[in-house]
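# Descriptive structure summary
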Amino acid sequence: MTDTAALPPGPAPQAVRRPRKPHPPAAPAKRVQFDRPLTPWLFVLPQLLVVAIFFYWPSVQAVNSSFYLEDPFGFGASFVGIDNYREALSSREYRTIAAFTAGFCALVTGLALGIGLLLAVKADKVIRGASAYKTALIAVYAIAPPVTGLIGMMFFDMHIGPFKDLAALFGHDLRVGIDYDDTALALVTVAVWKQIPYNFIFFLSGLQSVPVAVREAALLDARSGWRRFRDITLPLLAPTAFFLLVINITYSLFDTFAIIDVMVKDKPANNPMTLVYKVYLDGFKGNDIGGSSAQSVILMLVVAALTIVQFRLIERRVHYG
Amino acid sequence: MLKSLTCSTLAFALSAGAALAQTDITWWHGMGGRNGEVINEISQKFNEAQSACHLTPLSKGTYEEALASGIAAFRSGEHPNILQVFDAGAATIISAKGATIPAEDLIKGAGKPFERSDFIAGVRHFYADSEGKFIGMPFNSSAPIMYVNLAAFEKAGVEPPKTWEEFEAVAPKLKDAGYIPLSASQLTWMMVENFKSRNNQPFATNNNGYDAIKGTELIVNDDNQVMMFDKLKEWADAGLYGFYGAGWSDNQKPFEEGKVAMWIGSSGSFGGLQKTAVMPFSAVFMPYWDAIEGAGTQSFIGGAALFAMAGKPEAENACTAEFFSFLTSPEIQVYWHQNTGYVPVTEAAYELAKAQGWYDEQPVAEVGIQQLMLPGGEWTKGYRMGFYPQIRSIMEREFNRIFSGEVTPKAAFDVIEEEGNALLARFAKTAG
């Protein structure tokens, strides 16, 4: 997903492919670049190898072992068909975790995008000391996820956390690590906090590329700032927003692993966790390779489905200027 | 640490150059902090004590990570000679026949003396097969003991309880004196596994799982086990017990800060507590129920054992055997015991520590080993259950739900038994 998004638009990729086809004849100027059909493949080979070794090969292994029930040390594997899938999908715990993952993903993506956009719009208007504001907002992005988790854990700690005192002011006994909803609140807060700067940078650069002429013309047409934002700025930001949506969904599904790992401290107990964390728990802590593989295949299918939805349904509505 | 690291690297480089005939063996473990340092020190002592073998220890993170790395390495043929495996993972490695060489066979095969009766009673069975043959080499063994805040007991004018009945009598007085009477880390180990051992209660069918993998089922929703948690919940509601989640240190911290009067932790926590506790403290045996007949027996050992992995050349196995013998020598055991708080695993080492006056200096250090030397019962040898780390996770999940009031203890243990038995059946299929 990231690769597709990161590819620069324009004629370059076509130029790479064109020499392979005899018809229609390529422009002479481009033929000079690759006069042998194998040359372009040679250039992409390292990337293809990386993808094959680190993505396709493990995926095939995972699919394969998801149909087996295996002793951890590899002494005997018995074929069990779709038992591992049936077991995962029929487990109450697995379904609870799947539901939490969906909610967590929606909340984190929504909040991180929303707050990031709001901050970007406001920072875009600031003239005095603009760079100081921007630096302050971007700085958080430099923190590594496990460290973010640690900082979050300290803030929400049941013995020394200031957020516990804050919640107590509102009459709520915040019990992160014991109460399911409280822990979920802490996870969402930390995950969103970590992701806002990233969204902020992209939205800000998106806003700054909206032509001044268009803004001024809009100013004549509509007095309401909200309407100008909705009708002019937002559509022009759509490509950025779409890119960020993809990145944020991926982030909340996968990259929050470190935050969860640090915050639930090795003992997940009744705390909320995402499907990725469950795969890790069953595979690496429980030594249940078959079951864990089946779960990761389910996750792969979910991501594939999400990608198709994103690119088929949503991207069609995005207008690239 | 950096200095000692440089020294050992230097020593390694020198010795590698000097003696090419030396056999290298590796040891993967799951210990960090001071315990990890002591492992390095012991390895260095071993390397200095003889010249035929050179041992390199390597920390693989936590217990679970060490086991997972060991398994992954075994599957690709890159495994170490020695792997440390924790109590809950014992069934995983012992059931995989062919992954390890039984420690007893290894040592005897190398012509070294080995007597089961040299080991203290509490550690003889946990890592052994149903005939009593040592599969794993007991290494860092601990017992769950109850630490007491001496200031709190003085203020309340009461004595530390021996039984849970006595606890119910003194707890309200401690509460009146301004303390939370009780907290406990890792309820799975304290209030289930060692509830079973201290009260001599069966934990699983098939002789606690030792006799067979197939058909082994948990016994946890019986009246006594449920009663223990009914009581804990009742105490929690009455302010007599503080539940701080599943994390070990979250439950230890209020005790260190002097807010809690009694904390059930590991005998191995002793070293750390000496640095962190703000008040004078002591320790007593973990309480049992007077009302349960035959209760008051020894506890299971916690901690971990060392396993000699299969598929290594003879020369390396001989070195592993050499190291296992070295490790059980009284001097090394006492060194380990005094530096970490884990109990010595042999009678001789215990006697040596006593003779050196260690317990006059540190009476708390003797509590764990004494508890392991209490009379045993039919159900105090240990338990052997596959996928047990996952069963512990199920328990932790349900315990959180008990103390947040979502489920009753009875309902929680029904779920634990149902899901736990499904896991055991699944494990039986993998091992079959």
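Residues numbered from 1 in each chain as written. Chains lettered and ligands numbered in written order. Predicted model: local features only at pLDDT ≥ 70, side-chain atom pairs only at ≥ 80, totals over all residues. Heavy atoms only, no water.

Looking at an unreviewed UniProt entry, one finds chain B named sn-glycerol-3-phosphate-binding periplasmic protein UgpB and attributed to Phaeovulum vinaykumarii. The record held by UniProt for chain B lists under Subcellular location (unreviewed entry) the comment "Periplasm". Here chain B is described in UniProt, under the heading Sequence similarities (unreviewed entry), as follows: "Belongs to the bacterial solute-binding protein 1 family." (UniProt positions renumbered as here; feature names shortened; annotations may be inferred.)

An unreviewed UniProt entry lists chain A under the name sn-glycerol-3-phosphate transport system permease protein UgpA, with Phaeovulum vinaykumarii given as the organism. If you open the UniProt record of chain A and go to Sequence similarities (unreviewed entry), you find "Belongs to the binding-protein-dependent transport system permease family." Listed under Subunit (unreviewed entry) in UniProt, the entry text for chain A is "The complex is composed of two ATP-binding proteins (UgpC), two transmembrane proteins (UgpA and UgpE) and a solute-binding protein (UgpB)."

### Looking at the domain arrangement of chain B
All names here are of chain B. Segmentation of chain B into domains returns domain 1 (17-142 + 301-372) and domain 2 (144-298 + 386-431). Using C-alpha coordinates to define each centre, domain 1 is positioned 27 Å away from domain 2. Each partner contributes to the interface: domain 1 provides 27 residues, whereas domain 2 provides 26 residues. Of all residues in domain 1, Ala88, Val364 and Gln371 give up the largest surface area on contact with domain 2, accounting jointly for 31% of the area buried on that side. Linking domain 1 with domain 2 are 1 salt bridge. Measuring nitrogen to oxygen at the nearest pair gives 3.5 Å for the salt bridge that ties arginine 392 to aspartate 87. Where domain 1 meets domain 2, there are 7 residue pairs in polar contact (both at pLDDT 80 or more). If you list the elements that add at least two residues to the side of domain 1 that touches domain 2, you get helix H4 (90-95) and helix H17 (364-372). Residue composition of the side of domain 1 that touches domain 2, grouped by class: 12 nonpolar, 13 polar and 2 charged. (Domains from an automatic or database assignment. Contact = heavy atoms within 4.5 Å. Buried area = accessible area lost by both parts, 1.4 Å probe. Salt bridge = Lys/Arg side-chain N within 4 Å of Asp/Glu carboxyl O. Polar contact = N/O pair within 3.5 Å; in protein donor to acceptor, adjacent residues only side chain to side chain. Helix = DSSP H or I, 4+ residues; strand = E, 2+ residues; numbered from the N terminus. Nonpolar A, V, L, I, M, F, W, Y, C, P; charged D, E, K, R; others polar.)

### Re the pairing of strand S6 (residues 144-149) of chain B
All names here are of chain B. Counting buried positions over the 6 residues of S6 gives 6, a clear majority of the element. Covered by surrounding structure in S6 are Pro144, Met146 and Val148 together with Ile145, Tyr147 and Asn149, the residues of both alternating faces. In terms of strand pairing, S6 meets strand S9 (residues 260-266) through 5 bridges, oriented antiparallel. Among the inter-strand pairings, methionine 146 is bridged to a residue of S9, identified as isoleucine 264. As paired elements, S6 and strand S10 (residues 281-285) share 5 bridges and run antiparallel to each other. Counterpart to methionine 146 in the pairing with S10 is valine 284. (Buried < 20%, exposed > 50% of the residue type's maximum accessible area, 1.4 Å probe, protein only. Pairing = 2+ DSSP bridges.)

### A word on the state of the cysteines
Residues and elements named next belong to chain B. Overall, the coordinates contain 1 disulfide over all chains when judged by the stated rule. Across the disulfide from cysteine 53 sits cysteine 319; the S-S distance is 2.1 Å. Its S-S torsion of approximately -85° makes the covalent link between cysteine 53 and cysteine 319 left-handed. Separated by 266 residues along the polypeptide, cysteine 53 in strand S2 (residues 53-59) and cysteine 319 in helix H13 (residues 314-327) bring together distant segments of the chain. Comparing cysteine 53 with cysteine 319, the two get one shared label, buried. (Disulfide = S-S within 2.5 Å.)

### What to know about helix H14 (residues 275-285) of chain A
An α-helical segment advances 3.6 residues per turn. Residues three or four places apart therefore align on the same side. Counting buried positions over the 11 residues of H14 of chain A gives 10, a clear majority of the element. Along H14 of chain A, the residues that are buried comprise Leu275, Val276, Tyr277, Lys278, Val279, Tyr280, Leu281, Asp282, Gly283 and Lys285 of chain A. Looking at the buried positions of H14 of chain A, the neighbouring elements they touch are helix H6 (92-125), helix H12 (225-255), helix H13 (257-264) and helix H15 (289-314) of chain A together with helix H3 (63-75) and helix H18 (388-403) of chain B. Where H14 of chain A ends, the next residue or the one after it, asparagine 287 of chain A, has phi of about 55°, a positive value.

### Details of unusual backbone geometry
For alanine 269 of chain A, which is not glycine, the phi dihedral falls at a positive 45°. The buried category is assigned to alanine 269 of chain A, whose relative accessible area is 7%. Located in the positive-phi region is asparagine 208 of chain B, a residue other than glycine, with phi close to 55°. For asparagine 208 of chain B, the position within the fold is in helix H9 (residues 205-208).

### Observations regarding the environment of valine 188 of chain A
Residues and elements named next belong to chain A. In this structure, valine 188 sits in helix H10 (residues 180-208). We classify valine 188 as buried; its relative accessible area is 10%. Spatially, the C-alpha atom of valine 188 lies 30 Å from that of glycine 290, the residues being 102 residues apart in sequence.

### Quick look at the UniProt feature "transmembrane region" (unreviewed entry) in chain A
All names here are of chain A. Listed under "transmembrane region" (unreviewed entry) in the UniProt record, and renumbered for this structure, are residues 38-57, 97-121, 133-156, 196-214, 234-254 and 294-314. Secondary structure across residues 38-57 divides into 95% helix and 0% strand, with the first and last C-alpha atoms of the span separated by 24 Å. Within the segment residues 97-121, helix and strand shares are 100% and 0% respectively, and the terminal C-alpha atoms sit 35 Å apart.

### Considering the sheet that holds strand S7 (residues 180-184) of chain B
Residue and element names in this part refer to chain B. The strand order across the open sheet formed by 5 strands is S8-S7-S9-S6-S10, and the pairing between neighbours is mixed. The outermost strands of the open sheet, each flanked by one partner alone, are strand S8 (241-242) and S10. Relative to the sheet, H17 contacts S6 and S10, its axis offset from that of S10 by approximately 10°. (Axes fitted to C-alpha atoms, helices over the stretch in contact; angles between N-to-C directions.)

### Remarks on the interface of chain A and chain B
Contact with chain A, which involves 36 residues of that partner, is made by 38 residues of chain B. Taken together, the two surfaces of chain A and chain B that pack against each other cover about 3300 Å², and 55% of this comes from carbon and sulfur. Considering only the surface of chain A that becomes buried against chain B, Phe73, His159 and Lys267 of chain A emerge as the three largest contributors, covering 22% of it. Applying the counting rule to chain A against chain B returns 5 salt bridges.

### Remarks on the packing of aromatic side chains
Inspection of the entire model under this criterion finds 54 aromatic pairs over all chains. Geometrically, the ring pair formed by tyrosine 198 of chain A and phenylalanine 202 of chain A is tilted, given 5.0 Å between the ring centres and 40° between the ring planes. Of the two residues, tyrosine 198 of chain A and phenylalanine 202 of chain A both sit in helix H10, 4 residues apart, roughly one turn of that helix. For the pair phenylalanine 399 of chain B and phenylalanine 413 of chain B, a centre-to-centre distance of 5.9 Å together with 55° between the ring planes defines the contact as tilted. Linking phenylalanine 399 of chain B in helix H18 with phenylalanine 413 of chain B in helix H19 (residues 409-431), this pair joins segments that are 14 residues apart in sequence. For the residue pair phenylalanine 399 of chain B and phenylalanine 413 of chain B, the accessibility class agrees, reading buried in each case. Chaining the aromatic ring pairs together yields one cluster made of Trp27, Phe46, Phe139, Phe323, Phe326, Trp336 and Tyr342 of chain B. Over the ring of tyrosine 335 of chain B we find lysine 45 of chain B, and its NZ or CZ is 4.2 Å from the ring centre. We note lysine 60 of chain B situated over the ring of tryptophan 28 of chain B; from NZ or CZ to the ring centre the distance is 4.2 Å. (Phe/Tyr/Trp six-rings, centres within 6.5 Å; stacked < 30°, edge-to-face > 60°. Lys NZ or Arg CZ within 6 Å of the ring centre and 35° of its normal.)

### Overview of the packing of H14 of chain A against H15 of chain A
Residues and elements named next belong to chain A. At a minimum axis distance of 8 Å, the contact between H14 and H15 shows a crossing angle of 160°. One way to sum up the angle between H14 and H15 is to call them roughly antiparallel. The hand of the H14/H15 crossing is left-handed. Across from Leu275, Val276, Lys278, Val279, Asp282 and Gly283 in H14, the residues of H15 making contact are Ser292, Gln295, Ser296 and Leu299. (Parallel < 35°, antiparallel > 145°, perpendicular 65-115°, else oblique. Left-handed = near helix turned anticlockwise from the far one by under 90°.)

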